[in-house]
Amino acid sequence: MGIVEDHLISPAAEAKGSPEKDQQAAGVGIVLQIMMLVLSFVLGHVLRRHKFYYLPEASASLLIGNLRGLVVGGLANISNTESSIREWFNFHEEFFFLFLLPPIIFQSGFILSPKPFFSNFGAIVTFAILGTFIASIVTGTLVYLGGLTFLMYRLPLVECLMFGALISSTDPVTVLAIFQELGTDVNLYALVFGEAVLNDAVAISLYRTMSMMNRQAASGQNIFMFVLGFLETFIGSLSTGVGVGFISALLFKYAGLDIDDLQNLECCLFVLFPYFSYMLTEGLGLSGIVAILFTGIVMKHYTYSNLSEKSQQFVSGFFHLISSLAETFIFIYMGLDIVMEQHSWSHIGFIFFSIIFIVIARAINVFSCAYLVNLVRPLHRKIPMKHQKALWYSGLRGAMAFALALQSVHDLPEGHGQTIFSATTAIVVLTVLLIGGSTGTMLEALEVIGDTNEGHLGDVFERNSGYVPTTENEEEPSSGSRLKMRLKEFHRSTPSFTSLDKNYLTPFFTTQSADEEEHDDSRAGSRREGFGGHN
């Protein structure tokens, strides 16, 4: 059965049949892909225009993919090109990680508003790194214990931890789009987006570490070495991405490309740097997702201001365009793959209890990390409980979890990967349709709708006194805890990066002062669509 399933998940590269049939299948595949993309964008526009939030764009694209799967299956059955057509439409994780995911991750970093992001970097790291690690371990442990108690299909501990890592990858695209439309509280929007930006990178690094541990379990290596390997991968990828971003800033500062005659060259070089960062890191055996994310953050903060005004407009529109196409294409592809692939639905208990376990793990993740963050914050900056509940509710699963689950089919033997893949598919569909469709109702129930639509999110964020750190001393009842006081003193020192950036980094890597850059960021932000400021 494993051979058959491997074929279904990742077909052989060599198509069966004559070249004419292969060309015919390719033509049918490309035409249907374009038609579904057009239909998805039109349908998404209609839904937004009529403010119908019960069927978000991602959910609509997923359903369109399901419809396309039925159409493709019918065409394959009535024609003599079945194998070629199915090969064209199968979801290939290599294509996902090499071509679809990089522009999405880069755009996530590129549209970050630097000031709220770096001012609240400690809170973001707490939720994204510590929180994702907690969710992965809790989910994997509960799944393993569920197997020991015969509640669900039993998997080895390391494979359970792999499942915990991949399923802890959240995809809040649907939720954040509704946040933007409804004008939810800007601090909540910032917190959700800030966590989401780093979450995928951490989840991928954790999954790869667990997968390596699974392959080398027989060697008896110390777990500490795998933890060290994870930190090495993450920090090395981060450093590589930041380094490439700084190099690009210096190149555009001193190369003198910001003139009309060289605008085409300027744009070409700017577009190539993110992919260079991604491929370089992957070639070094590190995480390209982590690298391209921080390359996007650095290039937006430093390199972008060294471009001519026309080039700034072009690169902003270009990356927004390709990331939108990639996101829509992914959800359509997922819907198609759900219909066309052979799934292991015999382990319903595994799927049912996995859903319960990830809900529990998400709650432990959010509320424990929020407690730690609030521990060092003054009273007026603590994350309120209603924001914590909204953050917990917004943890739906999406394309990243699906792609990692698809990869697990090859990484795990004896059909274990197929069980994980089927469970992940069910979880993705349920969370995207149910959580995505009920987000508007959740926001109204929690009363977290704010004034986001009155201006650019970054501007509103700066006017809001909620989560933005202040350097003045705050009066708060003492808890008598020496650790708490030390944490508060450390937290008050975090704005020092802003001073370092303003006084040293910005003058060194850009052609303008920090004040001019803040003005340009505000002006560029008014042109941006989709994600705004984030915490």
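Everything numeric here is computed off the predicted structure, so don't read it as measured data.

The helix and strand inventory of the chain stands at 22 helices and zero strands. Taking all contacts inside the chain whose residues are at least 6 apart in sequence as the whole, residues at least 24 apart take part in 84%. For the chain, the accessible surface area stands at approximately 23,200 Å², while carbon and sulfur atoms represent 64% of it.

Quick look at helix α16 (residues 385-393) now. Within α16, burial applies to His387, Gln388, Ala390 and Leu391. With its buried residues spanning 165° around the axis, α16 presents them on a single face.

Using the criterion set out here, one finds two salt bridges in the structure. Between Arg362 and Glu195 there is a salt bridge; the shortest N-O distance is 2.9 Å. One end of the pair, Arg362, is in helix α15 (residues 348-375); the other, Glu195, is in helix α10 (residues 186-215), with 167 residues separating them in the sequence. Assessed through its relative accessible area of 5%, Arg362 is described here as buried. A relative accessible area of 3% means that Glu195 is categorised as buried.

On to the side chain of Asn306, then. Locating Asn306 in the fold gives a position in the loop between α13 (288-303) and α14 (309-340). By relative accessible area, which is 2% here, Asn306 ends up buried. At 3.0 Å, the side chain of Asn306 and the backbone oxygen of Ala249 are in polar contact.

End to end, helix α17 (residues 399-411) covers 18 Å across 13 residues, agreeing with the expected 18 Å (1.5 Å per residue, within 8%). Taken across its 13 residues, α17 has 10 buried, putting it largely inside the fold. Listed as buried for α17 are Ala399, Met400, Ala401, Phe402, Ala403, Leu404, Ala405, Leu406, Ser408 and Val409.

Counting 118 residues, the largest nonpolar core has Phe96, Phe97, Phe127 and Phe179 as its most contacted members. The dominant element in this core, judged by the number of residues it contributes, is α10, at 14 residues.

Attention now goes to the packing of helix α5 (residues 93-110) against α13. Here α5 crosses α13 at 40°, and the two axes come no closer than 7 Å. Of the possible angle classes, the one that applies to α5 and α13 is oblique. Seen along the crossing, α5 lies across α13 with a hand that is right-handed. Mapping the contact onto sequence places Leu101, Pro102, Ile105, Phe106, Gly109 and Phe110 in α5 and Ile289, Ile292, Leu293, Thr295, Gly296, Ile297, Met299 and Lys300 in α13. For the contact of α5 with α13, the class distribution of residues is 10 nonpolar, three polar and one charged.

Moving on to the environment of Ile129. Checked against the element boundaries, Ile129 lands in helix α7 (residues 121-148). Considered as a pair, Ile129 and Ala203 are 74 residues apart in the sequence and their alpha carbons are 8.7 Å apart. Every residue in contact with Ile129, bar those within four places of it in the chain, is listed here: Ile124, Val202 and Phe234.

Taken as a whole and assessed by the stated rule, the structure comprises 24 aromatic pairs. Between Phe110 and Phe319, the ring centres sit 5.9 Å apart and the planes meet at 50°, which makes this aromatic pair tilted. Pair noted here: Phe110 is in helix α5 and Phe319 is in helix α14, with a separation of 209 residues, a long-range link. For Phe319, a relative accessible area of 4% gives the class buried. Taken together, a centroid distance of 5.8 Å and an interplanar angle of 15° make the contact between Phe314 and Phe318 stacked.

Running from N to C, α15 and α16 cross one another at 145°; their axes reach a closest spacing of 9 Å. The two elements α15 and α16 cross, and the hand of that crossing is right-handed. Residue-level inspection shows Val359, Arg362, Ala363, Val366, Phe367, Ala370 and Asn374 of α15 in contact with α16, the latter providing Met385, Gln388, Lys389, Leu391 and Trp392. For the contact of α15 with α16, the residue count by class is eight nonpolar, two polar and two charged.

A separate point is the side chain of Thr132. Note that Thr132 resides in helix α7. For Thr132, a relative accessible area of 1% puts it in the buried group. The residues touching Thr132, leaving out its near neighbours within four places in the chain, are Phe127, Ser168, Asn199, Val202, Ala203, Leu206 and Asn365.

What follows deals with the confidence of the model for the chain. Of all residues in the chain, 72% have pLDDT values of 70 or greater, and the mean over the chain is 76. Predicted confidence for residues 1-16 stays below pLDDT 50, and this span has 31 contacts to residues more than four positions away or in other chains. The low-confidence segment residues 523-535, where pLDDT is below 50, has 45 contacts with residues more than four positions distant or belonging to other chains.

Together, Ile30, Ile34, Val38, Val42 and Val46 give the surface a local cluster of nonpolar side chains, amounting to about 400 Å² of exposed area. With respect to the helices and strands, the residue Val46 is situated in helix α2 (residues 19-49).

With respect to the helices, strands and loops of the structure, Glu282 is situated in helix α12 (residues 263-283). When residues no more than four places from it in sequence are discounted, the contact partners of Glu282 are Arg208, Ser287, Gly288 and Ile289. A polar side-chain atom of Glu282 sits 2.9 Å from the main-chain amide nitrogen of Gly288.

How each quantity is defined
Residues numbered from 1 in each chain as written. Predicted model: local features only at pLDDT ≥ 70, side-chain atom pairs only at ≥ 80, totals over all residues. Heavy atoms only, no water. Helix = DSSP H or I, 4+ residues; strand = E, 2+ residues; numbered from the N terminus. Contact = heavy atoms within 4.5 Å. Areas by Shrake-Rupley, 256 points an atom, 1.4 Å probe, with all protein chains shown as cover. Buried < 20%, exposed > 50% of the residue type's maximum accessible area, 1.4 Å probe, protein only. Arc of directions from axis to C-beta. Salt bridge = Lys/Arg side-chain N within 4 Å of Asp/Glu carboxyl O. Polar contact = N/O pair within 3.5 Å; in protein donor to acceptor, adjacent residues only side chain to side chain. Expected span 1.5 Å × (residues − 1). Core = buried A, V, L, I, M, F, W, Y, C linked by side-chain atoms within 4.5 Å. Axes fitted to C-alpha atoms, helices over the stretch in contact; angles between N-to-C directions. Parallel < 35°, antiparallel > 145°, perpendicular 65-115°, else oblique. Left-handed = near helix turned anticlockwise from the far one by under 90°. Nonpolar A, V, L, I, M, F, W, Y, C, P; charged D, E, K, R; others polar. Phe/Tyr/Trp six-rings, centres within 6.5 Å; stacked < 30°, edge-to-face > 60°. pLDDT = per-residue confidence, 0-100. Patch = residues over 30% accessible without salt bridge, like charges linked within 9 Å, V, L, I, M, F, W, Y side chains within 5 Å.

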